[in-house]
Amino acid sequence: MYTDENATVLKREEVSPNIAPRPGVSLAPTVRTVYACPCGAGTITDARVSGFGDHWATIDCPICRDRYDIVTGCGHMWELRPK
């Protein structure tokens, strides 16, 4: 099983919102992590908003996108499952 726990991290960056503080608007940074995909031709991008449960992940590789579905909320932040 290919998950965020065993994938190779290529890049991790913290992206802070570039907005003025306002009531009801979060200034929590988003942590964006780029992983190598299983075939090695592309990447998987994962973004998490610090301090919140907001999370998304996407397969940025046309080969792996055809082979796998990305599943979130499965004990890991994401995992790839064969189609």
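To be clear, the structure that these remarks concern was listed above.
About the criteria used
Residues numbered from 1 in each chain as written. Predicted model: local features only at pLDDT ≥ 70, side-chain atom pairs only at ≥ 80, totals over all residues. Heavy atoms only, no water. Helix = DSSP H or I, 4+ residues; strand = E, 2+ residues; numbered from the N terminus. Buried < 20%, exposed > 50% of the residue type's maximum accessible area, 1.4 Å probe, protein only. Contact = heavy atoms within 4.5 Å. Pairing = 2+ DSSP bridges. Salt bridge = Lys/Arg side-chain N within 4 Å of Asp/Glu carboxyl O. Axes fitted to C-alpha atoms, helices over the stretch in contact; angles between N-to-C directions.

Asks: I'm lost on the overall build of the chain in this one. Help?
Replies: In terms of helices and strands, the chain carries one helix and seven strands. N-terminal to C-terminal, the α/β element order of the chain is β-β-β-β-β-α-β-β. Per-residue burial for the chain yields a buried fraction of 28% across its 83 residues. The contacts of the chain with a sequence gap of at least 6 include a subset with a gap of at least 24, amounting to 30%.

Asks: Looking at this structure, I do not really get the pairing of strand β3 (residues 30-36). What am I missing?
Replies: Each regular strand displays side chains that alternate between the two surfaces of the sheet. The sheet contact formed by strand β2 (residues 9-15) and β3 spans six bridges and is antiparallel. Its bridge partner being in β3, Arg 12 is matched across the sheet by Thr 33. Here β3 folds back onto strand β4 (residues 43-49), and the loop between the two strands holds six residues, one of which, Gly 40, carries a positive phi near 85 degrees.

Asks: Help me out: how do you make sense of the pattern of salt bridges in this one?
Replies: Any two side chains of opposite charge can pair, so long as their charged atoms come close to each other. Counted by the stated rule, this structure contains four salt bridges. As a salt-bridge pair, Lys 83 and Asp 69 come within 3.8 Å of each other at their nearest N and O atoms. Of this pair, Lys 83 sits in the segment after β7 (78-82) while Asp 69 sits in strand β6 (residues 68-72); the two residues are 14 residues apart in sequence, bridging distant segments of the chain. Judged by its relative accessible area of 60%, Lys 83 falls in the exposed class. With relative accessibility at 38%, the residue Asp 69 sits in the partly exposed group. Between Glu 79 and Arg 81 there is a salt bridge; the shortest N-O distance is 2.5 Å.

Asks: I tried to follow the environment of Val 71 on my own but got confused; where do I start?
Replies: Along the chain, the position of Val 71 falls in strand β6. In the structure, Val 71 is positioned 15 residues away from Trp 56 in sequence and 9.8 Å away in space, judged by C-alpha atoms. Residues contacting Val 71, with those up to four places away along its chain left out, are Met 77, Trp 78, Glu 79 and Arg 81.

Asks: Hey, could you run me through the sheet that holds β2 in this one?
Replies: Note on sheets: strands pair through backbone hydrogen bonds, and any given pair is parallel or antiparallel. Reading across the sheet, the four strands line up as β2-β3-β4-β5 and stay open at both edges, with antiparallel pairing between neighbours. Whereas interior strands pair on both sides, the edge strands pair on one side only; in this sheet they are β2 and β5 (55-59). On average, each strand axis in the sheet is tilted by 15 degrees relative to the strand beside it, whichever way the strands run. Of the strand pairs in this sheet, β4 and β5 are connected by five bridges, and their pairing is antiparallel.

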